[in-house]
Each structure stands twice: as C-alpha cells, then as structure tokens.
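Now for the letters of each chain:
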Amino acid sequence: QVQLVESGGGLVQAGGSLRLSCAASGRTFSMNVMAWFRQAPGKEREFVAAIRWSGSGTWYSASVQGRFTIAKDNAKNMVYLQMNSLKPEDTAVYYCAAGVTFRSITKPGEYDYWGQGTQVTVSS
C-alpha cells in the first residue's frame, strides 16, 4: 500500500502562485509514475501533470503547459506542483495519484493510489 497526503492548497488571486506538495509513504518503491489531477464541481476528474518516479520524464495537460511545473524529491518521497499565473478556471480540488504501471497516464483509472485532495480557489 501507498499513502498519499496533499498540502498547500488555498485561496489566491488570479495571476498568483501556489505550490502543492504530496507526501508519499508505505511501499513507495512500487510506484512507477506520480501525477496530479483536479476536479471542479460538476466536472470529471482531469489530468494535470505527471512525472516518472524512477528516471526522468514529465507530462502536462495543454491547459497548464507553461504555467505549472511538476517536480519530485525521491529521497524525501515528495512530489510538488508549482502553479504560476493561476486563472479562475484552475479552481478545483487537486489530487495526488500514484501508479504502479506506466500506461495511459492521463486516465484516472490507471492510478492505484490517491490522496484526499486539497482545495485550490482562484479569485478573479
């Protein structure tokens, strides 16, 4: 089992920045890919960014490319999401996810473990 705990959400004005953190514990050696998803009220959970846990490689959705940066610290079992130039449409609950396999990384169903989520609200 892998446990994931997100932190760092909050309220920010449009154009501002936030950094989300995800602390992983348990059988972290089994993780292959880590990702951030988000879900706004009344909408489906959508892919934001992913990073290869062992080795290199990052991927972003078109809506956040160039504004968000995903990073990791393997020694600390941490994953981060730096969010810059935030927009009101970025408002959502952000979830950290861990996948044992590396397949369709943009699909929520491909991930094995999830955190409880952290709220990000961007005011206009």
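Quick notes on the rules
- Residues numbered from 1 in each chain as written.
- Predicted model: local features only at pLDDT ≥ 70, side-chain atom pairs only at ≥ 80, totals over all residues.
- Heavy atoms only, no water.
- Helix = DSSP H or I, 4+ residues; strand = E, 2+ residues; numbered from the N terminus.
- Buried < 20%, exposed > 50% of the residue type's maximum accessible area, 1.4 Å probe, protein only.
- Polar contact = N/O pair within 3.5 Å; in protein donor to acceptor, adjacent residues only side chain to side chain.
- Pairing = 2+ DSSP bridges.
- Axes fitted to C-alpha atoms, helices over the stretch in contact; angles between N-to-C directions.

Asker: I'm lost on the environment of Asn84 in this one. Help?
Answerer: When you line up the elements, Asn84 lands in the loop between β8 (78-83) and β9 (92-99). Asn84 sits in the partly exposed class, given a relative accessible area of 30%. Note: C-alpha distance between Asn84 and Gly26 (58 residues apart in sequence) is 31 Å. For Asn84, the side chain forms a polar contact with the side chain of Gln82, separated by 2.9 Å.

Asker: Even after reading the chapter, I still don't get the sheet that holds strand β1 (residues 2-7), so can you show me in this structure?
Answerer: The pairing of strands in a sheet happens through backbone hydrogen bonds and is either parallel or antiparallel. Strand order across the open sheet formed by 4 strands is β1-β3-β8-β7, with antiparallel pairing between neighbours. Looking at the sheet topology across the chains shown, the edges are occupied by β1 and β7 (68-73). Shown here is a sheet whose adjacent strand axes are inclined to one another by a mean of 15 degrees, direction ignored. Across 6 bridges, strand β3 (residues 18-26) lies against β8 in antiparallel orientation. Opposite Arg19, over in β8, you have Gln82 as the bridge partner.

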